[in-house]
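# Summary of the model geometry
One-letter residues, chain by chain:
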Amino acid sequence: MSDEMEYCDVRGAHVPKVGLGTWRLSGEECYDAVSTALELGYRHVDTAQMYDNETEVGRALADADADRRDVFLTTKVNPRNAGRDSVVESTKASLDRLDTPYVDLLLLHWPNPLVRVEETMDAMKQLVDEGRVHHVGVSNFPVPMLKKAREVSDVPVLTNQVQFHPHRPQRKLLRYCQSEDLLLTGYSPLAQGDVVDDGTLREIGERYDKTPAQVALRWATQHRNVAVVPKSTSRDHLAANLAIFDFKLSREEVDEVTRPSLLKTGASMVKGMLR
C-alpha cells in the first residue's frame, strides 16, 4: 500500500485527508509548527480568527518552499462577526494577516443564534464572487442547522468541521455528509491526546507497527469524505501523523476502534473548550 497522501474530492475541492490544526498555537511556536509541517509535506493548514495566529500562519506560508496554490488553507469567521458586513470586513482582515489574496475554505466557526444564517451565507457568497474565498462551510453545526445553512446558501456548503474521533464518531452527521457528498472535517481527532493511552488502539497498532495515535488517524481517514486536522508542535509527531497511509484497518478493526463514549467525549470537550 502506498504511503502517499490521500485526498477527499468533494464538490470541486481536492482536500488532503490530513492537515495541520493550529488551535492554541501562537507566536513563534505556531510559526515553527506550520513551517515544519510544510517542510514535511503537509499541504492542508487550518486556522481561525479566534485563534489569533493568522499572522504567524501567513508568515510560515510565505517563507515556505511550498507553492501557495498547492496548500489548502482554511480560516474561520468568529461568530461575533457573523453579520453580513462583519463577515466581509473580518475576512478581508484575515486575508491581510494571512498575507494571501484568498483562502481555499472559509467557515463560520460556531452558530450565532443572534444572526440569521442567511445573512452569513450571503456574505460568504459575496466573498466567493470576489475571488477572496474558494469554498465555504460551517463548524460545530448540528445536522438540522447544517441543513438550514445549505438550504439558504447560494453557494455550495463544502464541509462541517466538528470534533471527530473514535469516542465521538458522529455517526448521524457522517451519514448525512456521505449521503449528500459533503466533507466532514474532524478536529481533535486524537481526543485531546486521550487516544494515546487507549489499550485497544495500542493492541491494534502493534499489528501494524503503528502508534495508538496513528491508528486513530487511520480510523478517521478510512471513512469516506473525512479529513482531519490534528495539532502538533513536535517534528516527530507531525511526521508520524502523516505516516498513516501505508496500512489499512480491517472492517472488524474499524468496528473495534469505534466506541462512542459520552464520558470520554465530555472529558475531551472540557479540555478543548472554545475550540
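Residues numbered from 1 in each chain as written. Predicted model: local features only at pLDDT ≥ 70, side-chain atom pairs only at ≥ 80, totals over all residues. Heavy atoms only, no water.

The name recorded for the protein chain in an unreviewed UniProt entry is Aldo/keto reductase, from Halogeometricum salsisoli. Reading the Sequence similarities (unreviewed entry) entry of the UniProt record for the protein chain gives the comment "Belongs to the aldo/keto reductase family." (UniProt positions renumbered as here; feature names shortened; annotations may be inferred.)

### Describing helix α2 (residues 54–63)
Side chains of residues three or four places apart in an α-helix project in the same direction, reflecting 3.6 residues per turn. Where α2 is concerned, the buried positions are E54, E56, V57, G58, A60 and L61. Check the buried side of α2 and you find it contacts α1 (27–40), β4 (44–46), β5 (72–77) and α3 (84–98). (Buried < 20%, exposed > 50% of the residue type's maximum accessible area, 1.4 Å probe, protein only. Helix = DSSP H or I, 4+ residues; strand = E, 2+ residues; numbered from the N terminus. Contact = heavy atoms within 4.5 Å.)

### Some details on the confidence of the model for the protein chain
On average, residues of the protein chain score 95 in pLDDT, and 95% of them reach the 70 mark or higher. Here residues 265–270 is a poorly scored stretch, pLDDT under 50, and it has eleven contacts once near neighbours within four places are set aside; other chains count. (pLDDT = per-residue confidence, 0-100.)

### Some details on the nonpolar core
One finds V57, L146 and L184 to be the most contacted residues of the largest nonpolar core, which totals 71 residues. Ignoring anything within four residues of it in the chain, the contact list for L146 reads V138, F141, V157, N160, L173, Y176, C177 and L182. (Core = buried A, V, L, I, M, F, W, Y, C linked by side-chain atoms within 4.5 Å.)

### Concerning the sheet that holds strand β7 (residues 133–139)
One open sheet accounts for eight strands, arranged β3-β4-β5-β6-β7-β8-β9-β10; its pairing is parallel. The open sheet has two edge strands with one neighbour each: β3 (20–21) and β10 (226–228). Where β7 and strand β8 (residues 157–163) come together, three bridges link them in parallel fashion. Within β8, the position partnered with V136 by the bridge is V157. (Pairing = 2+ DSSP bridges.)

### Section: the pairing of strand β9 (residues 183–187)
For β9, the buried fraction is high: five of the five residues fall into the buried class. Taking every second residue as pointing to the same face, both faces of β9 are buried, with L183, T185 and Y187 on one and L184 and G186 on the other. Sheet topology places β8 next to β9; five bridges connect them, and they run parallel. Bridged to T159 within β9 is L183. Of the crossover connections in this fold, the one passing from β8 over helix α6 (residues 171–179) to the parallel β9 is right-handed. Of the pairings in the sheet, the one linking β9 to β10 comprises three bridges and is parallel in character. (Right-handed = clockwise from strand over helix to strand, strands pointing away.)

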